[in-house]
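# Observations on chain architecture
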Amino acid sequence: MRNDTRLSRMLHVLIHMSRHDRPATSDTIAEMLNTNPVVVRRTMALLKEKGYVRSEKGHRGGWTLAKPLSDITLLDIHKALGSSSLFAIGLSTDHPECLVEQAVNAALTEAFDAAQAMLLKRLESVTLAELASDFERRYLTR
């Protein structure tokens with residue numbers, strides 16, 4: 001099963017966008033992500049719908065940030081992208097009448113719920129401005 005990298009990739013794009021004075025075109029972003037501009041437009045449209053980016057058409061058009069990085073959290077972007085599952089681990093439901101399967105699934109569900117709550121809380125506490133600051137520190141010390 002393939003990992004869903006949309007969150008990581010879009011955070012990457014947004015940090016790059018914050019560092020440039022001009023709009024980023026779908027073609028430029030697609031090249032950066034090694035994907036198709038149509039995929040970029042679809043994904044960016046999700047962020048636009050939530051007010052994190054805006055788009056302008058035309059010769060000097062493209063995507064720009066609609067909010068300061070300090071006003072956007074990792075959780076905001078995760079939710080805007082559709083809140084995909086945070087875990088690739090699933091439950092077996094081949095034998096729902098089996099008491100062992102029920103016990104295993106109950107234990108795993110409890111563990112997954114606790115882990116997800118902790119991860120979502122952490123995503124909510126980190127802003128894109130913090131990521132940008134971390135990048136700046138890394139850039140200056142390399």
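Attention here is on the structure that accompanies the text. (Residues numbered from 1 in each chain as written. Predicted model: local features only at pLDDT ≥ 70, side-chain atom pairs only at ≥ 80, totals over all residues. Heavy atoms only, no water.)

A word on the overall build of the protein chain. Along the backbone of the protein chain there are six helices and two strands. Against the globule reference of 14 Å for 142 residues, the protein chain gives a C-alpha radius of gyration of 19 Å, more extended than a compact globule. Viewed in the frame of its principal axes, the protein chain has a C-alpha envelope of about 65 × 35 × 30 Å. Per element, the accessible surface of the protein chain, about 9,900 Å² overall, is 54% carbon and sulfur. Charge-centre separation for the protein chain: the mean point of 19 positive side chains lies 10 Å from the mean point of 17 negative side chains. (Helix = DSSP H or I, 4+ residues; strand = E, 2+ residues; numbered from the N terminus. Rg over C-alpha atoms; globule rule 2.2 N^0.38 Å. Areas by Shrake-Rupley, 256 points an atom, 1.4 Å probe, with all protein chains shown as cover. Lys, Arg positive; Asp, Glu negative; His and termini not counted. Charge placed at Lys NZ, Arg CZ, Asp CG, Glu CD.)

Inspection of the secondary structure puts I15 in helix α1 (residues 6–18). Judged by relative accessible area, I15 falls into the buried class, the value being 11%. In the structure, I15 is positioned 114 residues away from A129 in sequence and 8.3 Å away in space, judged by C-alpha atoms. Excluding residues within four positions of it along the chain, I15 makes contact with L69, L128, L131 and A132. (Buried < 20%, exposed > 50% of the residue type's maximum accessible area, 1.4 Å probe, protein only. Contact = heavy atoms within 4.5 Å.)

Another aspect to go through is the pairing of strand β1 (residues 53–56). With four bridges joining them, β1 and strand β2 (residues 62–65) adopt antiparallel strand pairing. What sits directly across from V53, in β2, is L65. (Pairing = 2+ DSSP bridges.)

The subject of this paragraph is a nonpolar patch on the surface. Together, L91, V100, V104 and L108 make up an exposed nonpolar region whose accessible area comes to about 310 Å². Inspection of the secondary structure puts L91 in the loop between α4 (74–80) and α5 (99–125). L91 gets classed as partly exposed once you look at its relative accessible area, which sits at 36%. (Patch = residues over 30% accessible without salt bridge, like charges linked within 9 Å, V, L, I, M, F, W, Y side chains within 5 Å. Salt bridge = Lys/Arg side-chain N within 4 Å of Asp/Glu carboxyl O.)

With that settled, consider the side chain of H78. Among the secondary structure elements, H78 is positioned in helix α4. In this structure H78 comes out as buried when scored by relative accessible area, which is 7%. Ignoring sequence-local partners within four residues, the contact set of H78 consists of L7, S83, S84, L86 and L120.

Let us now look at unusual backbone geometry. One non-glycine residue, N34, adopts positive backbone phi at about 55°. With respect to the secondary-structure elements, N34 resides in the loop between α2 (26–33) and α3 (37–49). Judged by its relative accessible area of 71%, N34 is exposed.

As for L91 and N36, which are separated by 55 residues in sequence, their C-alpha atoms are 34 Å apart. When near neighbours in sequence (up to four residues on either side) are disregarded, L91 contacts N105, L108, T109 and F112.

In the structure shown here, the tally under the stated rule is four salt bridges. Of the charged contacts, one joins R19 and E136 as a salt bridge, the two residues approaching to 2.2 Å between their closest N and O atoms. One end of the pair, R19, is in the loop between α1 and α2; the other, E136, is in helix α6 (residues 128–140), and 117 residues separate them in sequence. The class for R19 is partly exposed, based on a relative accessible area of 42%. When its relative accessible area of 31% is taken as the criterion, E136 is described as partly exposed. Of the charged contacts in the structure, one is a salt bridge between R138 and D134, with a shortest N-O distance of 3.0 Å. Here the residue R138 and the residue D134 both occupy positions in helix α6, the gap between them amounting to four residues, near one helical turn. With a relative accessible area of 56%, R138 lands in the exposed category. Residues joined by salt bridges that share partners form a network here, namely D134, R137 and R138.

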